[in-house]
Amino acid sequence: MSGVNNSPFPLGDLVLPCLDEARALPWVLERVPPGWRALVVDNGSTDGSAAVAERHGARVVHEPRRGFGAACHAGLLAAEAPLVAFCDCDATLDPADLPRVAEPVRAGAADLVLARRLPASRGAWPLHARVGNAALARMVRSRTGVRLRDLGPMRVARRTALLGLGLTDRRSGYPLQMVVRAADAGWRIAETETRYLPRAEGSASKVTGTWRGTWQAVRDMRAVLR
């Protein structure tokens, strides 16, 4: 595995929203495949995440406005490559899967590809997170007709098309708003699979780490569907 790609003309930019992920970042950045450039969007970390990312060759973007959507969108605005991917940077998802996930978009067979999470071990994906995700997938199907089994955080689309969606949510609803607006625009949305790994030691989900956090995220996302 080659690690972070610093080519001035990458195939894709990988947006990694980051809040206190210093322990996970080295593994994540070492797994970035050739042709992809890592954009770590620091969302107010206090554990030195930005410095760790820079030491491992990533481009760091600072987004002081707290919120998962704020970090993701700052990364999208900073991206320059034809393709843009999004991925959590807590080591639950392997960036090495990106070429396979991105291939339908690169080849023109799909406009947006999401990677369905398949737990690699028991406990990798807590029950409350799975329940909340399943509820949202049903809401998306009812609202858009798009059949997804997971609103996977690893996803790929073309940069200019993503910018054209005019995404406005800056909280937990950002990933869902992307899918809904893409569906409304007539995009071809496809789903593939990726392994979902246990979180790095000392890392906890900022969105769905607890039942309370999960249902707060569900409320944020339900607002997008109205």
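Criteria and cut-off values
- Residues numbered from 1 in each chain as written.
- Predicted model: local features only at pLDDT ≥ 70, side-chain atom pairs only at ≥ 80, totals over all residues.
- Heavy atoms only, no water.
- Helix = DSSP H or I, 4+ residues; strand = E, 2+ residues; numbered from the N terminus.
- Buried < 20%, exposed > 50% of the residue type's maximum accessible area, 1.4 Å probe, protein only.
- Contact = heavy atoms within 4.5 Å.
- Areas by Shrake-Rupley, 256 points an atom, 1.4 Å probe, with all protein chains shown as cover.
- Core = buried A, V, L, I, M, F, W, Y, C linked by side-chain atoms within 4.5 Å.
- Salt bridge = Lys/Arg side-chain N within 4 Å of Asp/Glu carboxyl O.
- Polar contact = N/O pair within 3.5 Å; in protein donor to acceptor, adjacent residues only side chain to side chain.
- Pairing = 2+ DSSP bridges.
- Axes fitted to C-alpha atoms, helices over the stretch in contact; angles between N-to-C directions.
- 1 Å grid on protein atoms, 1.4 Å probe; cavity = no way out; pocket = protein on both sides within 12 Å on 5 of 7 lines; lining within 4 Å.
- Points joined across faces, edges and corners; volume = space filled by probe spheres on them.

A look at the overall build of the protein chain
Counting secondary structure elements, the protein chain contains eight helices and seven strands. Residues classed as buried in the protein chain amount to 55% of the 226 residues present. Residue pairs in contact within the protein chain that sit at least 24 positions apart in sequence constitute 77% of those at least 6 positions apart. Of the roughly 10100 Å² of accessible surface on the protein chain, a fraction of 51% belongs to carbon and sulfur atoms.

A closer look at the nonpolar core
Counting 34 residues, the largest nonpolar core has Phe86, Leu112, Leu162 and Ile189 as the members making the most contacts within it. Looking at this core, the elements with two or more residues in it are β2 (36–42), α3 (68–78), β4 (83–86), β5 (112–119), α5 (127–144) and α7 (174–184). Ranked by the residues each element gives to this core, the list is headed by α7, at seven residues. Among all residues touching Ile189, those that are not within four sequence positions of it are Leu112, Leu114, Val146, Leu148, Val179, Ala182 and Ala183. Leu16, Cys87, Ala91 and Tyr196 belong to the second-largest nonpolar core, a separate cluster that totals 33 residues.

Section: the pattern of salt bridges
For the structure shown, the criterion picks out 11 salt bridges. A salt bridge links Asp13 to Arg37; the nearest nitrogen and oxygen atoms lie 2.6 Å apart. Placement of Asp13 in strand β1 (residues 12–18) and of Arg37 in strand β2 is noted, with a sequence separation of 24 residues between them. For Asp13, a relative accessible area of 0% puts it in the buried group. Assessed through its relative accessible area of 13%, Arg37 is described here as buried.

Examining the environment of Ser49
Mapped onto the elements of the fold, Ser49 is located in helix α2 (residues 49–55). Through-space distance from the C-alpha of Ser49 to that of Glu21 is 5.8 Å; in sequence the pair is 28 residues apart. In terms of polar contacts, Ser49 uses its side chain to reach the backbone amide nitrogen of Glu21, at 2.8 Å. Among the polar contacts made by the side chain of Ser49, one reaches the side chain of Asp47 at a distance of 2.6 Å.

Some thoughts on the pairing of strand β6 (residues 155–158)
The sheet contact formed by β4 and β6 spans four bridges and is antiparallel. In the sheet register, Leu83 faces β6, and the bridge partner there is Arg158. Two elements, β5 and β6, share three bridges in a ladder whose sense is antiparallel. The residue bridging Leu114 from the neighbouring strand is Arg155, located in β6.

Considerations on the sheet that holds strand β3 (residues 59–62)
Pairing in this open sheet of seven strands is mixed, and the strands run β3-β2-β1-β4-β6-β5-β7 from one edge to the other. The outermost strands of the open sheet, each flanked by one partner alone, are β3 and β7 (189–196). Mean inter-strand twist for the sheet, computed between neighbouring axes without regard to direction, equals 25°. Bridge count for β1 against β4 is four bridges, and the pairing is parallel. When the bridges of β4 are listed, Gly12 appears paired with Leu83.

Some remarks on the side chain of Thr194
Looking at where Thr194 falls in the secondary structure, it is placed in strand β7. Apart from the residues lying within four places of it in its own chain, the contact partners of Thr194 are Leu93, Asp97, Arg100, Ala115, Arg116, Arg117, Leu118 and Met154.

Some details on empty space enclosed by the protein
A water-sized probe, rolled over the atoms, reveals where empty space remains. All told, the structure shown has one cavity of 30 Å³ or more when counted by the stated rule. For the largest cavity, the calculated volume is near 80 Å³. Listing elements by their share of the lining of the largest cavity, those giving two or more residues are α3 and α7. If you tally residues by element for the lining of the largest cavity, the top one is α7, at three residues.

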